[in-house]
Amino acid sequence: MAFKKGLFKTSIGRKNLMAFTGLFIIFFLIIHLIGNLILIIPNSFFPIEFWNNVANVHDMYNAYSHFLVHFWPVTIVAYILYAAIIIHVIDALLITLKNKKTQGEKYIIADNSTSSWYSRNMGVLGVFIGVFIVLHMAQFWLQYKILKIEHDLYHLVIATFKIWWYVLIYEIGIIALGFHLVHGIESAHRSLGVYHQKMMQIVQLIALYFSLVMAILFAIIPIILYFK
Amino acid sequence: MKLTLKIWRQENAKTKGKMVTYEMSDLSQDMSFLEMLDVLNQSLAIKGERVIEFDHDCREGICGQCSLVINGQAHGPESHYTTCQTHLRSFKDGDTLYIEPFRANSFPVIRDLKVDRSSMDKIIQAGGYISSFTGMAPEANAIPIHHDIAESAFDSAACIGCGACVATCKNSSAALFVSAKISHLAKLPQGKVEREERVQWMINAHDEEGFGSCTNTGACAMVCPQEVQLIDITRMNFEYNRALCHSKE
Ligand code: HEM
Ligand code: FES
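Residues numbered from 1 in each chain as written. Chains lettered and ligands numbered in written order. Predicted model: local features only at pLDDT ≥ 70, side-chain atom pairs only at ≥ 80, totals over all residues. Heavy atoms only, no water.

Enquirer: Can you break down the site of ligand 1 residue by residue, with the values?
Expert: Lining the immediate environment of ligand 1, one finds 25 residues, of which His88(A), His180(A), Ser187(A), Ser191(A) and Thr215(B) sit closest. The residues that come close to ligand 1 belong to more than one chain, namely chains A and B. Lys15(A) has a polar side-chain atom sitting 3.1 Å from an oxygen atom of ligand 1. The separation between a nitrogen atom of ligand 1 and a polar side-chain atom of His180(A) is 2.8 Å. (Near = heavy atom within 4 Å. Polar contact = N/O pair within 3.5 Å; in protein donor to acceptor, adjacent residues only side chain to side chain.)

So, in structure tokens, the structure goes:
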């Protein structure tokens with residue numbers, strides 16, 4: 001096996017990088033979602049006697065976040081994740097800027113019926129997600145893990161999602177993410193070369209339903225917390 | 001029937017172009033689209049004006065020379081047609097048609113609706129061939145090829161190099177064009193000998209000629225007159241990654 005230069009550089013190479021980083025972020029998203037779903041476990045579910053005698057959601061969620069911060073393998077994966085997001089964004093910028101330059105003059109009449117709007121606007125959707133990520137990190141990660149202003153993460157989360165405009169921004173970010181994923185998952189498999197017609201149809205179906213489930217589950221959490 | 005044509009007129013690549021309106025009447029539904037332009041040019045010639053330049057050759061959908069974007073659609077409204085195969089029955093009496101050249105930085109306008117597509121030739125020159133001895137044609141059955149593979153290779157080989165994929169792509173990527181040739185040759189035993197070099201040479205040429213990066217929107221395959229499939233691009237990506245991770249020894 002000998003890797004040659006160009007694996008991440010040419011028009012195809014850049015897409016490899018997009019695909020690898022994108023798929024890695026998705027892997028994180030699944031874990032993240034499962035953790036967050038703790039927030040909406042109904043009170044009637046507690047106490048969980050067979051498992052450390054967890055008394056309520058508050059304790060369970062804080063135990064989970066404490067584990068994440070203090071278990072070193074998670075820290076390593078977290079740093080890989082930050083790198084993946086940054087590489088994904090920079091690569092997206094490079095691809096999108098280059099592709100803007102290769103277009104000639106704009107068509108006076110444009111017909112867009114040959115492709116989906118979200119596949120054409122991955123960059124725009126990405127910017128929405130990017131703004132959302134920055135806000136999200138500033139609200140939770142910065143205050144809890146870096147500045148250590150807030151020690152009760154559960155409290156912070158509940159307080160945050162009582163602010164209606166925060167919930168709104170969160171929902172917009174999630175919708176953008178959903179559409180980004182529908183095309184992203186298909187595109188990543190194409191970029192990496194899954195050149196089997198049947199397999200590709202399965203990937204398309206998975207992309208659609210996976211994105212839908214992810215978006216719905218992520219989206220209901222703040223709404224439930226807002227009305228709780 | 002009557003049509004209003006708004007046609008892109010441009011002196012050359014250096015000057016700015018603009019849309020010019022022409023009213024056409026007494027057209028027949030059975031006329032081909034290019035015949036209508038011939039009629040218009042005839043009337044311009046009689047008036048002593050410069051005729052509208054547009055590309056065409058075979059006028060039967062096999063050479064890939066005709067181009068044009070009609071109301072935003074490469075090769076007009078019928079899917080998987082060339083412009084020369086498009087007839088006026090595809091339009092309604094009284095329609096206004098916006099006729100523009102294929103637009104991409106790698107396709108500079110020569111004049112009016114004619115664009116220079118030699119950038120695509122450069123990609124083919126870079127690797128879209130197999131090396132073999134010239135001379136007598138070899139015995140056709142010397143290399144056995146499964147019927148399905150031959151058919152599939154032929155589907156990819158059907159590309160006529162018209163450039164509609166580039167014209168339609170929001171990234172002006174020639175991925176479908178390149179992938180048709182990569183796939184055609186990758187499927188056949190004769191093409192396997194140079195598969196690693198070919199895909200790298202052609203992709204490098206593709207990038208050097210200023211085409212963009214494919215983002216798999218799929219618009220190209222929707223307009224391709226030869227119905228080259230999007231999966232060919234996926235196969236090209238596989239071939240490229242395989243070539244970069246693989247050494248012959
Ligand atoms: C600031 C944030 C982001 C920006 C600016 C961004 C931008 C982009 C762009 C421009 C593309 C290429 C478009 C295409 O292939 O059609 C892309 C692809 C992709 N993105 Fe993102 N994105 C962001 C966040 C994310 C996140 C959070 C995920 C995962 C959950 C993700 C997953 C993917 C995947 C899987 C692809 C497909 C890769 C490929 O085509 O090979 N992106 N992104
Ligand atoms: S003129 Fe030959 S394909 Fe249209």
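Enquirer: Would you mind going over a nonpolar patch on the surface in detail, with residue names and values included?
Expert: Residue and element names in this part refer to chain A. Among the surface-exposed residues, Val124, Phe128, Leu135, Trp164, Trp165, Leu168, Ile169, Ile172, Ile223, Tyr226 and Phe227 lie close enough to one another that they form a single nonpolar patch of about 1,100 Å² accessible area. Among the elements of the structure, helix H5 (122-146), helix H7 (164-192) and helix H8 (197-227) are those that each provide at least two residues to the nonpolar patch. Sorting elements by how many residues they give to the nonpolar patch places H7 first, with five residues. Structurally, tryptophan 164 can be placed in helix H7. (Patch = residues over 30% accessible without salt bridge, like charges linked within 9 Å, V, L, I, M, F, W, Y side chains within 5 Å. Areas by Shrake-Rupley, 256 points an atom, 1.4 Å probe, with all protein chains shown as cover. Salt bridge = Lys/Arg side-chain N within 4 Å of Asp/Glu carboxyl O. Helix = DSSP H or I, 4+ residues; strand = E, 2+ residues; numbered from the N terminus.)

Enquirer: Tell me what's going on with the coordination of the iron atom of ligand 1, and back it up with residues and numbers.
Expert: Residue and element names in this part refer to chain A. The protein atoms donating to the iron atom of ligand 1 are His88 (NE2) and His180 (NE2), with metal-donor distances spanning 2.0 to 2.1 Å. Its six donor atoms give the iron atom of ligand 1 angles of 86 to 179° at the centre, a pattern that matches the octahedral case. One end of the pair, histidine 88, is in helix H3 (residues 72-102); the other, histidine 180, is in helix H7, with 92 residues separating them in the sequence. Neither histidine 88 nor histidine 180 differs from the other in exposure class; each is buried. (Donors = N, O, S within 2.8 Å, 3.2 Å for Na, K, Ca; no water. Tetrahedral: all angles 85-135°; square planar, octahedral: opposite > 155°, others 65-115°. Buried < 20%, exposed > 50% of the residue type's maximum accessible area, 1.4 Å probe, protein only.)

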